[in-house]
Every structure is written in C-alpha cells, then in structure tokens.
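Observations on chain architecture
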Amino acid sequence: MKRASPRSEETYRTQLRALQIELVRLQRHLITSGGKLLILLEGRDGAGKDGAIKAITEHMSPRESRVVALGKPSDREQTQWYFQRYVPHLPAAGEFVLFNRSWYNRAGVEHVMGFCSKTAYEEFLTTVPVFEDLLIRDGIHLFKYYLDIDKAEQKQRLADRRKDPLKQWKISPIDEAALKHWKDYSAARDVMLSRTSTPASPWTVVQANDKRVARLNLIRDLLSRVDYKNKGKAKLLAPDRKIVFPFEAAALGDGRLAA
C-alpha cells in the first residue's frame, strides 16, 4: 500500500477540518433543537469503521456524542428480545450516537459464524425494518452506512494490524475467520443490504479501499442529508457518488460491491 505524500496529507487534513466544522454546527443545531441522530456503521473486519468514527467525533462535544460498540452478549442478554440490549443506547433529545457495529451483527458475524440459529436470523431480517420504522417514527434520524473493501485490502489491513503494537486490542479470533469466510460474508452482506434497505431506512454504501477518501465522502454524504443552521456551501458537502452511493439491487452485480 502506498503511503500518502505530505501534500496529500495536508489536503486531507484541510478538507477534514472544514467538514468537522460543519459537524460541530450540526451538533449545535441538534442540541438547540432537541434532534436525535443515529448512525450505524457496518462492514467487514478492517473496513475502517474506527477511523471513520474518530474523524467524525474528534471535535464534537463528548457530553452529547456517544460511540456504542457492544461486546459479546452476556448469558442473560442472550435470553432477551434481540433488540433489547441496543435500546438503552439510542439517542435522546440533542444527542448524536454512532454504533460501531449494531444490531446488524445478526445479519453478518452471527449468521456466518453460526452464533445464531437460522430461525433467529430469518426473524431478524423480517423484523428489523419494523423496528427501524418505529425509531424513525419516534423522531430519530437514522443513517446506515456499509463500508466495503476488497479481499486484498482486507488481507493487508489485518496483516498490518497484527504488526502494529498500538492496534493489538483490535486482534481477535474472528480476524482469522474473516478471510477464510470471505465468500460467506459477501453473501451475507448481499442479503442484508437487499432485505433491510427500505425507503424509510435505506443503506448507503461507501467504497472504503482508500480510508481517507471514504471518511471525507461519508461525512459529506451525512451532512448533505441533514438540515441544520448555518449549513456550509453545497459544493463543500457534495459527496463523490462513485465512492458513496445509495444501495440498489444493481450494485450486487455491476462491480460496485467487492465480490
């Protein structure tokens, strides 16, 4: 993987700063208006979810911003209604919440690795649009992003992770299975996007092989879809639709999603 030149690093930082200023404006608007914003970030291991979240939240108020990354459910949680452990983390008035992986674990890791039954998997796919519709009807602004990378990029990132002493906390047994089950995860992704992208709660795909380009365009897409006071110029907020685009069935076969 090529290193970014100092010039490209400078350009990235300049563009990111301008977008982070817009994020602060958005958050101020949410606080004063009592809005509730929820972002779900999904993707394979190594897709860049952590980096995207850091770019989004770096200068936001920690009091009104929360990042939710739930671990393995407890024995008690495994007996609850599936969505129950996620509900306490939903945004209240004025809050900006990001889920680093979400209830869609059931459509991905749990399904591929056999951590849930086929019945539970099918029940999830059937009921999640209803659950999300209830959230939206209650006033939550919900945005779902799937970060997509190809197999070579994932292999490189997982290898880099193992070598980096600052990323040791990211290593898990699931990493080893990620590449082994590449095709299974691809199939699960396709089903998830197809069956849970609805007019009220659509999926947005982010081509994330280039982390910096992905972060910038994800933020642009988010900002372009939300109304807030003192919003920046449309040109600043216009995402590259080759990088970030609304999911549609045609994307499953036209090369926009990694095979």
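Summary of the structure given here. (Residues numbered from 1 in each chain as written. Predicted model: local features only at pLDDT ≥ 70, side-chain atom pairs only at ≥ 80, totals over all residues. Heavy atoms only, no water.)

What follows is about the pairing of strand β3 (residues 96–100). Where burial is concerned, most of β3 is hidden: five out of the five residues are buried. Alternating residues of β3 divide into F96, L98 and N100 and V97 and F99, and every residue in both groups is buried. Both strand β1 (residues 36–43) and β3 contribute to a ladder of five bridges, which runs parallel. From the neighbouring strand, L41 faces β3, where its bridge partner is N100. (Buried < 20%, exposed > 50% of the residue type's maximum accessible area, 1.4 Å probe, protein only. Helix = DSSP H or I, 4+ residues; strand = E, 2+ residues; numbered from the N terminus. Pairing = 2+ DSSP bridges.)

This part is about empty space enclosed by the protein. Across all of its chains, the model carries three cavities of 30 Å³ or more by this definition. The space that makes up the largest cavity amounts to roughly 180 Å³. Along the wall of the largest cavity there are 17 residues; nearest its centre are G43, R101, G108, Y146 and Y185. At the level of elements, β1 and α7 (182–196) are the ones that each hand at least two residues to the lining of the largest cavity. Element by element, the count of residues in the lining of the largest cavity is highest for α7, at four residues. Split into classes, the residues belonging to the lining of the largest cavity amount to eight nonpolar, four polar and five charged. Reported here for the second largest cavity is a volume of approximately 60 Å³. If you trace the second largest cavity, you find it lined by A47, G48, A52, L147, R157, V206, A208, K211, A214, R215 and L218. If one sorts the elements of the lining of the second largest cavity by residue count, helix α8 (residues 211–224) sits on top with four residues. (1 Å grid on protein atoms, 1.4 Å probe; cavity = no way out; pocket = protein on both sides within 12 Å on 5 of 7 lines; lining within 4 Å. Points joined across faces, edges and corners; volume = space filled by probe spheres on them. Nonpolar A, V, L, I, M, F, W, Y, C, P; charged D, E, K, R; others polar.)

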